[in-house]
Amino acid sequence: MTVGFATELRSVCALLVLATGGSAVGLYAAPASHAASAPEGEPPAAECDAETGPYQWQLEKKLGLPQDGRMSGEDCLAIKELQERIGTTPVNGAADLRTYRMLLVFEVRENPNAAKECPVKSYRVTCVDLSRQILWVQKENKVIFAPVPIRSGRPGLETRTGWQRVYQKNKTFFSTIYDNAPMPYSQFFNGGQALHGTEVDLFQSGSAGCVNMYVKDAKRLFDLLEIGDRLYIYGRKQPIRALKSTAAKNDDQLVGEGFGSDGIPALGPEQLD
């Protein structure tokens, strides 16, 4: 994971309209004005001369551009406008990893349950997506706790999936199994497995089955949930840092990388209304 890219982020509160069915709408629609000449008396549009990039095809699809895998002037300008809107730098029209990964992060922040894999209920459900290594809380169709990065169980000590329930809460807790390891803001849901904070890098190996979060996120979640709250855990943890080639990584892994930085600020309540 490249954590440094997160320092280049600007605000994450811009409203996104997701691409649906391979068609581009809202934010992703390529402006029709690109091909048009500048109105009389106005300076011509700045040139955009980025070369074909590794995520050319994927960004063409997101933007509703002709999918030929080759950079064109229209592609370059459309990607440049996208970079400006989502706040990633440099703003150069390049179809690079940084741009595509941050676009995926913005999509997830806007609608983490777009695939409808976490059940929608009339009560609070804490959704734990092991594939993307993120957690959020929803009630009906409203996200009330924005997605945050997590670290789930490593091979042989996997986090248990399916419906779970919070049965014990401890603001201060130390593991009775793993050398008194601190488990701040613990919320137990299955045996010794709990949601809790950690100071350890979330992308170092995996946990012993618990769902680890940054301490600040664990505290906010601790304050929100109550005994009896339901969790739904699904998916499968993937080796995010194990693959050296970015081309070999799928979107779930790139989302995990993008969220794996505390440089991405949490959405405030006013942004979730």
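Residues numbered from 1 in each chain as written. Predicted model: local features only at pLDDT ≥ 70, side-chain atom pairs only at ≥ 80, totals over all residues. Heavy atoms only, no water.

A. Geometry of the confidence of the model for the protein. Taken as a whole, the protein shows an average pLDDT of 78; of its residues, 72% reach a score of 70 or greater. In the model, residues 241-245 has pLDDT below 50 throughout and makes 8 contacts with residues more than four positions away in sequence or in other chains. Low confidence marks residues 262-273, where pLDDT is under 50. Its contacts with residues over four positions away, or in another chain, come to 25 contacts. (pLDDT = per-residue confidence, 0-100. Contact = heavy atoms within 4.5 Å.)

B. The arrangement of the packing of helix H1 (residues 56-63) against helix H2 (residues 73-86) in detail. Orientation of H1 relative to H2, taken along the N-to-C sense of each, is 75 degrees, at an axis distance of 11 Å. Judged on the interaxial angle alone, H2 and H1 are roughly perpendicular. Counted together, Gln 56, Leu 59, Glu 60 and Leu 63 of H1 and Asp 75, Ala 78, Ile 79 and Leu 82 of H2 form the full contact between these two elements. Tallied by class, residues from the contact of H1 with H2 come to 5 nonpolar, 1 polar and 2 charged. (Axes fitted to C-alpha atoms, helices over the stretch in contact; angles between N-to-C directions. Helix = DSSP H or I, 4+ residues; strand = E, 2+ residues; numbered from the N terminus. Parallel < 35°, antiparallel > 145°, perpendicular 65-115°, else oblique. Nonpolar A, V, L, I, M, F, W, Y, C, P; charged D, E, K, R; others polar.)

C. Here's a closer look at the pattern of salt bridges. With the rule as written, the count across this model stands at 7 salt bridges. Notably, a salt bridge pairs Glu 107 with Lys 62, separated by 2.8 Å at the nearest N-O pair. Separated by 45 residues along the polypeptide, Glu 107 in helix H3 (residues 97-110) and Lys 62 in helix H1 bring together distant segments of the chain. Overall, Glu 107 belongs to the buried group, its relative accessible area being 11%. Across the pair Arg 85 and Glu 81 runs a salt bridge whose closest N-O atoms are separated by 3.7 Å. Here the residue Arg 85 and the residue Glu 81 both occupy positions in helix H2, the gap between them amounting to 4 residues, near one helical turn. (Salt bridge = Lys/Arg side-chain N within 4 Å of Asp/Glu carboxyl O. Buried < 20%, exposed > 50% of the residue type's maximum accessible area, 1.4 Å probe, protein only.)

D. Quick peek at the side chain of Asp 96. With respect to the element layout, Asp 96 can be found in the loop between H2 and H3. Buried within the structure, Asp 96 lacks any salt-bridge partner; Arg 98 is the closest side chain of opposite charge, at an N-O distance of 4.0 Å. (Lys, Arg positive; Asp, Glu negative; His and termini not counted.)

E. Region of the structure containing the sheet that holds strand S1 (residues 124-129). An order of S3-S2-S1-S9-S4 is seen for the 5 strands of this open sheet, with the pairing classed as mixed. Edge positions in the sheet fall to strand S3 (142-149) and strand S4 (162-165), since each of these pairs with one other strand and no more. Adjacent strand axes in the sheet meet at a mean angle of 20 degrees, parallel and antiparallel pairs treated alike. In this sheet, strand S2 (residues 134-139) lies alongside S1 in antiparallel orientation, the contact comprising 6 bridges. (Pairing = 2+ DSSP bridges.)

F. Focus on the pairing of strand S6 (residues 186-190). Counting buried residues in S6 gives 4 out of 5 residues, a clear majority hidden from the surface. Where strand S5 (residues 168-170) lies against S6, 3 bridges are found, and the strand directions are antiparallel. Within S6, the position partnered with Lys 169 by the bridge is Gln 187. Sheet topology places S6 next to strand S7 (residues 193-198); 3 bridges connect them, and they run antiparallel. Bridge pairing in S7 links Phe 188 to Ala 194. Hairpin geometry of S6 and S7 is characterised by an intervening segment of 2 residues between the two adjacent antiparallel strands and by a positive phi of about 60 degrees at Gly 191.

G. Quick peek at unusual backbone geometry. In this structure, the amide linkage connecting Thr 89 to the following residue, Pro 90, adopts the cis form with an omega of -5 degrees. Examined against the element boundaries, Pro 90 turns out to sit in the loop between H2 and H3. In this structure, Lys 116 takes a positive phi of about 55 degrees despite not being glycine. Structurally, Lys 116 is set in the loop between H3 and S1.

H. Region of interest: the sheet that holds S6. Within the open sheet, the 4 strands sit side by side as S5-S6-S7-S8. Their pairing is mixed. The outermost strands of the open sheet, each flanked by one partner alone, are S5 and strand S8 (211-214). The average undirected angle you get between the axes of adjacent strands in this sheet is 25 degrees.

I. Expanded view of the nonpolar core. Formed by 33 residues in total, the largest nonpolar core has its most connected members in Leu 59 and Trp 136. Of all the secondary-structure elements, those providing two or more residues to this core are H1, H2, H3, S1, S2 and helix H5 (251-259). Sorting elements by how many residues they give to this core places H3 first, with 8 residues. The next biggest cluster of nonpolar side chains, apart from the first, holds 19 residues, and it includes Leu 135, Ile 150, Phe 189 and Ala 218. (Core = buried A, V, L, I, M, F, W, Y, C linked by side-chain atoms within 4.5 Å.)

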